[in-house]
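Secondary and tertiary structure notes
So you can see what is in the structure, the chains are spelled out below.
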Amino acid sequence: MATEPEDGTPAPLPVTVRGTTLGAGRPAVVVPLTGATVEALLAEVAAVLAVAEQVDLVEWRVDHLAAGLAPADVVAAGRAVTGALDAAPRRLPLLVTIRTTAEGGSADVDPPGYEAALRAAVDAGIADLLDVEVARDAATVDRVVARAHAAGVPVVGSHHDFDRTPPREQIAATLLAMADLGADVLKVAVMPHDPGDVLALLGATWDTTRRTGRPVITMAMGPLGVASRVAGGTFGSAATFAAVGAASAPGQVGLAALRAALDVVHPA
Ligand SMILES: O=C1C[C@@](O)(C(=O)O)C[C@@H](O)[C@@H]1O
């Protein structure tokens, strides 16, 4: 169990991948790719690379792939994406995510299919960071985390609640439980219904960051949650997602606007 250190100040454990650090300084800006085909993904990568100096991390939402999640298709599309990223002067790191329908995504996949697709992305060297939904089958989660770690790939534990916002203590408990499962970065997204829900999310972020020392990423979705995407860093959130083109979740702010807001909240 993650415990509070005696002096109340956990040693920071920032996670650095390809020059991008989560958990130190201002929040990293993550841009999702949501293309359904290799062509669409490559067009998105080109659009992201055109503004690469504003981007810290790219997320590939594999669940949007029209071909499905067969390992060979994931590897083929993933190699196309990493090949395009490799060609840029600064290689942006890639977070690989399969968001299941249970958590608001498009992947209607059973545990073996989820495991096989994530494993393929790790084994092929496509993922610099791996999103693992901690609410999936427990043995599957254990094996995927172990596989990623054996390959030197940090794990972003994740949990989405698209319907509601749990109480502050429960959000914090969900994040802390991810650390117990071996996640290196702890991420929760919730749907707020009133400003108190956004406060609960931000409060849990602050509580958890101080207790684990691990990078924590949180956001409240939808229009009410925009405050958390812009100002979450003040409360300890280590990253915020921004759209270049299509958003991958409700409430995501466009990249230029988000960057401008971050400059106000976190002046150089
Ligand atoms: O976990 C997240 C956060 C997110 O849901 C958001 O609300 O910005 C967007 C997803 O693409 C990503 O996997």
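Residues numbered from 1 in each chain as written. Predicted model: local features only at pLDDT ≥ 70, side-chain atom pairs only at ≥ 80, totals over all residues. Heavy atoms only, no water.

Going by an unreviewed UniProt entry, the protein chain carries the name 3-dehydroquinate dehydratase and comes from Cellulomonas triticagri. For the record of the protein chain, the UniProt heading Function (unreviewed entry) holds the text "Involved in the third step of the chorismate pathway, which leads to the biosynthesis of aromatic amino acids. Catalyzes the cis-dehydration of 3-dehydroquinate (DHQ) and introduces the first double bond of the aromatic ring to yield 3-dehydroshikimate." (UniProt positions renumbered as here; feature names shortened; annotations may be inferred.)

Examining the site of the ligand
Lining the immediate environment of the ligand, one finds 13 residues, of which Glu59, His160, Lys187, Arg229 and Ser248 sit closest. The contact in question runs from an oxygen atom of the ligand to an N or O atom on the side chain of Arg61, over 3.0 Å. Between Arg229 and the ligand, the recorded distance is 2.7 Å, taken from a side-chain N or O atom to an oxygen atom. Protein contact buries 99% of the 320 Å² of open area that the ligand shows by itself. (Near = heavy atom within 4 Å. Polar contact = N/O pair within 3.5 Å; in protein donor to acceptor, adjacent residues only side chain to side chain. Areas by Shrake-Rupley, 256 points an atom, 1.4 Å probe, with all protein chains shown as cover.)

Here we look at the packing of helix H5 (residues 168-180) against helix H6 (residues 195-212)
Where H5 contacts H6, the two axes come as close as 8 Å, and the packing angle between them is 40°. Comparing their axes, H6 and H5 come out oblique. In this structure, H5 crosses over H6, and the sense of that crossing is right-handed. Contact residues: Arg168, Ile171, Ala172, Leu175 and Leu176 in H5; Ala200, Leu201, Gly203, Ala204, Asp207, Thr208, Arg211 and Thr212 in H6. By residue class, the composition of the contact of H5 with H6 is seven nonpolar, three polar and three charged. (Axes fitted to C-alpha atoms, helices over the stretch in contact; angles between N-to-C directions. Helix = DSSP H or I, 4+ residues; strand = E, 2+ residues; numbered from the N terminus. Parallel < 35°, antiparallel > 145°, perpendicular 65-115°, else oblique. Left-handed = near helix turned anticlockwise from the far one by under 90°. Contact = heavy atoms within 4.5 Å. Nonpolar A, V, L, I, M, F, W, Y, C, P; charged D, E, K, R; others polar.)

Brief notes about the UniProt feature "active site" (unreviewed entry) in the protein chain
The UniProt record annotates "active site" (unreviewed entry) at His160 and Lys187. Across 28 residues of sequence, these annotated residues stay compact in space, with a maximum C-alpha separation of 8.5 Å. Tracing the backbone through its elements, the reader meets His160 in strand E7 (residues 155-161). On the basis of relative accessibility, which here comes to 13%, the residue His160 falls in the buried class. In contact with His160, other than residues within four places in its own chain, are Arg99, Glu103, Lys187, Ala189 and Met221. Among the secondary structure elements, Lys187 is positioned in strand E8 (residues 185-190). Discounting residues that sit within four places of it in the chain, Lys187 has contacts with Arg99, Asp131, Val156, Gly157, Ser158, His159, His160, Leu175, Met178, Ile217 and Phe241. (Buried < 20%, exposed > 50% of the residue type's maximum accessible area, 1.4 Å probe, protein only.)

Focus on the side chain of Thr208
In this structure, Thr208 sits in helix H6. On the basis of relative accessibility, which here comes to 0%, the residue Thr208 falls in the buried class. The residues contacting Thr208, other than those within four sequence positions of it, are Ala172, Leu175, Leu176, Leu186, Gly213 and Val216.

Side note on the sheet that holds E7
Reading across from one edge, E9-E8-E7-E6-E5-E4-E3-E10-E11 is the order of the nine strands in this open sheet, with parallel pairing throughout. At either margin of the open sheet sits one strand with a lone partner, and together these are strand E9 (216-220) and strand E11 (253-254). Across five bridges, the pairing between E8 and E9 is parallel. Bridging from a neighbouring strand, Lys187 pairs with Ile217 of E9. Lying on the sheet, helix H3 (residues 111-123) is in contact with strand E5 (94-97) and strand E6 (129-133); it crosses E6 at an angle near 170°. Lying over the sheet, H5 contacts E7, E8 and E9, oriented at roughly 150° with respect to E8. (Pairing = 2+ DSSP bridges.)

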